Amino acid sequence: MKQIKLILSILLCFQLQSLFAQIDNIHLSFKDGTQSSRTMAVSWTSITSCSSILKYGLDRNNLKSVAAVDPIPVSGQKKSFAYKATLENLLPGHTYYYQCEQTCANSTSEVYAFKTPPKVGDKGKICIGVWGDTQNNEGNKTFEVTKTIVDQLLKQPLNFTIHTGDIVENGSVAASWNGFLHTAQPLNAKTPFMPATGNHDVINDNQNVNFQRPFPIFHDLFNLPNDNLNYAYDYGNTHFIAINSGYCAGAAKIDAVLFKPGSAEYKWLEKDLIQAKKNKKIKWIILYDHYPMHAHGVSLVPQWQNQITPLIDKYAIDLVLSGHRHVYERHKAMRGTTILDQPDLHIYDKPMGTVFITNGSAGGSLQGVGGKDMPSMLYTSPQKMYTYALMTIAGKELSYEVYDINGNKIDYFKMIK
């Protein structure tokens, strides 16, 4: 009798695991950059292929609206399918509930909730999680470090997260993408995940026609604005821009660094910056990418710096966030090669330049600290450590706090317009 009960228990456990394993890797993203408060993209994967639905609404117990979703075969995997739904005509500043469902497999996700952004220009407080370089290499093979940081971020009242690239160690490996998205689902299913691509996420072979672009699986899994690589969106009174820095170090050897003046991506970025500067509702402009424009050692690619910083200066971008170096570094405000005075180490009071941050230590193997002797450096971690950051924007003030993996604050600063 005991054996029969044990067998039945095992079978029930297996059935329950199979039921919930059908739908996985759920993540949100803003879809329409100009209408970020009115749209939301919901993406997930499944081992079954059938037309599915996304139910959503303002009442958790009455999900009246339904979006039909068709499967997309995931590149590099025989039994994996991606599902993407874009919800439109949403109300700004409202909490919506949603549930993914595959009727053919009798599988449903739990009910999740997200809050749409306020109307553009709103001066209310917003909180953004900043992380990067979650790649699954030494010390983070199964995203165990990244999971700890996900757990820390889940404690915060986040509106969305920014990722500065190198999401995985090898962008061609489907299992790595599944590992990251599964690990981050508790966070990404509640708060939009807005990543930039890193050199480990893109094709590094300069003989490949898609050199410096992501592997096909990236486009299968994600549903970001514009072309998934270079995109912009508004949240409250802030304009955010994500750009693909490709494989700068390798590209520099053959004069193929992205964003050359006159290139399509350069023209797109300048046009976007012109529009943002003209928009009187926008008070802050924040750009983020993978390769830093100011960094210690080989992480700095001079050609990348020389091509991007003139646009940063011309359009007075307030803050630039990067990854690549698996450390945390904060610089004085800069304009061109001029390093501006900093009377207070923690306050940038109406700076006449741009603040540059490297925030790339949310999982990838830690690197030497270095950089403390750079003339522009205000703070760098005194020892190797994993970090993440919280950025809060309220009206004309921006606060930035950096924490180690245990939630201890290691640095902070404030910017005042």
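Owing to the predicted nature of the structure, the values given are computational and were not obtained by experimental measurement. Along each chain, residue indices are assigned from 1 in the same order as the chain's sequence is written. Predicted model: local features are reported for residues with pLDDT of at least 70 only, side-chain atom pairs are reported and counted for 80 or more only, and whole-chain, interface and lining totals are derived from all residues. The side-chain numbers reported here are obtained from all heavy atoms of the structure, hydrogens and water having been left aside.

A. Focus on the packing of helix H6 (residues 264-278) against helix H7 (residues 302-314). Axis angles are defined between N-to-C directions and span 0 to 180 degrees, where every axis is a line fitted to C-alpha atoms and, for a helix, only to the segment in contact. The secondary structure listing takes helices from DSSP runs of H or I that are at least 4 residues long and strands from runs of E that are at least 2 residues long, numbered from the N terminus. Closest axis-to-axis distance for the H6/H7 pair is 11 Å, and the angle between their directions is 15°. The orientation of H6 relative to H7 falls into the category roughly parallel. The crossing of H6 and H7 is right-handed. Contacts between H6 and H7 involve Tyr-266, Leu-269, Glu-270 and Leu-273 from the former and Gln-307, Leu-311 and Lys-314 from the latter. Broken down by class, the residue content of the contact of H6 with H7 amounts to 4 nonpolar, 1 polar and 2 charged. Angles below 35 degrees are treated as roughly parallel, those above 145 as roughly antiparallel, those between 65 and 115 as roughly perpendicular, and all remaining angles as oblique. In this scheme the handedness of a crossing depends on how the near helix is turned from the far one: anticlockwise by less than a right angle means left-handed, clockwise means right-handed. Any two residues having at least one pair of non-hydrogen atoms within 4.5 Å are treated as being in contact. In the scheme used here, Gly and all other residues not listed as nonpolar or charged are polar, with Ala, Val, Leu, Ile, Met, Phe, Trp, Tyr, Cys and Pro taken as nonpolar and Asp, Glu, Lys and Arg as charged.

B. Quick look at the sheet that holds strand E5 (residues 72-73). Pairs of strands are assigned from DSSP output, requiring at least two bridges between the strands. What the 4 strands build is an open sheet, ordered E1-E2-E6-E5; its pairing is antiparallel. If you trace the sheet from one side to the other, it starts and ends with strand E1 (23-29) and E5, each paired once.

C. Structural context of the side chain of Asn-228. Counting through the fold element by element, Asn-228 comes out in the loop between helix H4 (216-221) and strand E13 (231-235). Buried means the residue's accessible area, taken with a 1.4 Å probe over protein chains only, is under 20% of the maximum for its type, while exposed means over 50%, and partly exposed covers the values in between. Exposure remark for Asn-228: the relative accessible area of 9% places this residue in the buried category. In protein, a polar contact means a hydrogen-donor-capable atom and an acceptor-capable atom, both N or O and within 3.5 Å, with residues adjacent in sequence counting only if both atoms are side-chain atoms; elsewhere, any N or O pair within 3.5 Å suffices. Polar contacts involving the side chain of Asn-228 include one to the side chain of His-219, which spans 3.2 Å. Contacts of Asn-228, omitting those with residues within four sequence positions, involve Phe-218, His-219, Phe-222 and Asn-223.

D. Layout of the sheet that holds strand E10 (residues 126-131). One open sheet accounts for 7 strands, arranged E12-E11-E10-E23-E24-E25-E20; its pairing is mixed. What marks the edges here is a single partner per strand, and that holds for strand E12 (193-195) and strand E20 (347-349). Each neighbouring strand pair of the sheet contributes to a mean axis angle of 20°, computed without reference to strand direction. Judged from the 7 bridges that link them, strand E24 (residues 397-404) and strand E25 (residues 409-416) form a sheet pairing that is antiparallel. Bridging from a neighbouring strand, Val-402 pairs with Asp-411 of E25. Contacting E10, strand E11 (160-163) and E12, helix H3 (residues 174-188) runs over the sheet at an angle of about 165° to E10.

E. Seen up close, the pattern of salt bridges. The term salt bridge refers to a pairing of a side-chain nitrogen on Lys or Arg with a carboxyl oxygen on Asp or Glu at a separation within 4 Å. Taken as a whole, this structure holds 10 salt bridges when the rule is applied. Residues Asp-255 and Lys-260 are paired through a salt bridge, measuring 3.1 Å at the closest nitrogen-oxygen approach. Exposure remark for Lys-260: the relative accessible area of 28% places this residue in the partly exposed category. Glu-329 is the salt-bridge partner of Arg-325, the closest N and O atoms lying 3.0 Å from each other. Overall, the relative accessible area of 6% leaves Arg-325 in the buried class. Judged by relative accessible area, which is 0%, Glu-329 ranks as buried.

Limitation: the analysis is restricted to geometry and does not speak to function.
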